[in-house]
Amino acid sequence: DTAVSQTPKYLVTQMGNDKSIKCEQNLGHDTMYWYKQDSKKFLKIMFSYNNKELIINETVPNRFSPKSPDKAHLNLHINSLELGDSAVYFCASSPGHPVAIQYFGAGTRLSVL
Amino acid sequence: GQQLNQSPQSMFIQEGEDVSMNCTSSSIFNTWLWYKQDPGEGPVLLIALYKAGELTSNGRLTAQFGITRKDSFLNISASIPSDVGIYFCAGLEGKLIFGQGTELSVKP
């Protein structure tokens, strides 16, 4: 059983489209995160939710909207995709906040053409 | 914002060699972590350090929390091909802040 699972693994789309990435964790954790890894492999946090409540919202364009229907799921919706949105997006979870040990999903590679 | 400087950026070594990498910060962290990312996968936690001066091992890996709380070191002894990947340091200050990564290549 995968602890933190993301779908899809790969996402190729045209500029201007709207797309969603889904994340689910079966670890019973309270906190979930979205990270962006750019082409230079730099990892940066985008959002964090604790028990469905937004607790971290970094300087991210408002085209990005996280949604947490329950504490096991945190989805990322992106409107009006731009070329610069191409990256690998990672979902992660941890037992609480702030907690060091975060468990990451395998990532979603988004390519905007 | 806070930044972590991780070095070296990349290393090419022979199997069996020891590896050292480090991470420095302009500000203090109370927790340092080391993660490894395999190609096509997410980062996996290797070692967590919670106390200044702490030295912690995980198999062939040893990490230290610098006494100033502004740096951390990771050593890998007797490297093997499966050590290949990107190693990230991270400091925890309300959120995880990652270094730029050290890409390790091991030649059999």
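Residues numbered from 1 in each chain as written. Chains lettered and ligands numbered in written order. Predicted model: local features only at pLDDT ≥ 70, side-chain atom pairs only at ≥ 80, totals over all residues. Heavy atoms only, no water.

A. View of the sheet that holds strand β1 (residues 4-7) of chain A. Residues and elements named next belong to chain A. The strand order across the open sheet formed by 4 strands is β1-β3-β8-β7, and the pairing between neighbours is antiparallel. Either end of the sheet is taken by a strand with one partner, and the two such strands are β1 and β7 (64-70). Adjacent strand axes in the sheet meet at a mean angle of 20° when their direction is disregarded. The pairing of β1 with strand β3 (residues 19-25) spans 4 bridges and is classified as antiparallel. Looking across to β3, one finds that Gln6 is bridged to Cys23. (Pairing = 2+ DSSP bridges. Helix = DSSP H or I, 4+ residues; strand = E, 2+ residues; numbered from the N terminus. Axes fitted to C-alpha atoms, helices over the stretch in contact; angles between N-to-C directions.)

B. Here's a closer look at the layout of surface pockets. In this structure, the second largest pocket spans a volume of roughly 260 Å³. Around the second largest pocket, the lining comprises 21 residues; the ones closest to its centre are Lys41 and Arg109 of chain A together with Asp38, Pro39 and Gly40 of chain B. Among the secondary structure elements, those contributing two or more residues to the lining of the second largest pocket are β9 (87-94) and β11 (108-112) of chain A together with β9 (85-92) and β11 (102-107) of chain B. Counting residues per element, the lining of the second largest pocket draws most heavily on β11 of chain B, which supplies 3 residues. Per-class residue counts for the lining of the second largest pocket are 8 nonpolar, 7 polar and 6 charged. (1 Å grid on protein atoms, 1.4 Å probe; cavity = no way out; pocket = protein on both sides within 12 Å on 5 of 7 lines; lining within 4 Å. Points joined across faces, edges and corners; volume = space filled by probe spheres on them. Nonpolar A, V, L, I, M, F, W, Y, C, P; charged D, E, K, R; others polar.)

C. Highlighting the nonpolar core. All names here are of chain B. Within the largest apolar cluster, 22 residues are counted, with the highest numbers of intra-cluster contacts made by Trp32, Trp34, Leu74 and Leu104. Listing elements by their share of this core, those giving two or more residues are β2 (10-14), β3 (19-25), β4 (32-37), β5 (44-49), β7 (61-65), β8 (71-76), β9 and β11. Those residues in contact with Leu74, other than ones at most four positions away along the chain, are Val19, Ser20, Met21, Trp34, Ile47, Leu61, Thr62, Ala63 and Tyr87. (Core = buried A, V, L, I, M, F, W, Y, C linked by side-chain atoms within 4.5 Å. Buried < 20%, exposed > 50% of the residue type's maximum accessible area, 1.4 Å probe, protein only. Contact = heavy atoms within 4.5 Å.)

D. View of the interface of chain A and chain B. Every contact between the two is made by 20 residues of chain A and, on the other side, 19 residues of chain B. Of all residues in chain A, Leu43, Ala100 and Phe104 of chain A give up the largest surface area on contact with chain B, accounting jointly for 32% of the area buried on that side. For the pair chain A and chain B, the interface holds 1 salt bridge. Between Lys95 of chain B and Glu58 of chain A there is a salt bridge; the shortest N-O distance is 2.9 Å. Summed over the shared surface of chain A and chain B, the result is 4 residue pairs in polar contact (both at pLDDT 80 or more). Sorting the residues of the side of chain A that touches chain B by element identifies β4 (31-37) and β5 (43-50) of chain A as the ones contributing at least two each. Its residues assigned to classes, the side of chain A that touches chain B shows 12 nonpolar, 4 polar and 4 charged. (Buried area = accessible area lost by both parts, 1.4 Å probe. Salt bridge = Lys/Arg side-chain N within 4 Å of Asp/Glu carboxyl O. Polar contact = N/O pair within 3.5 Å; in protein donor to acceptor, adjacent residues only side chain to side chain.)

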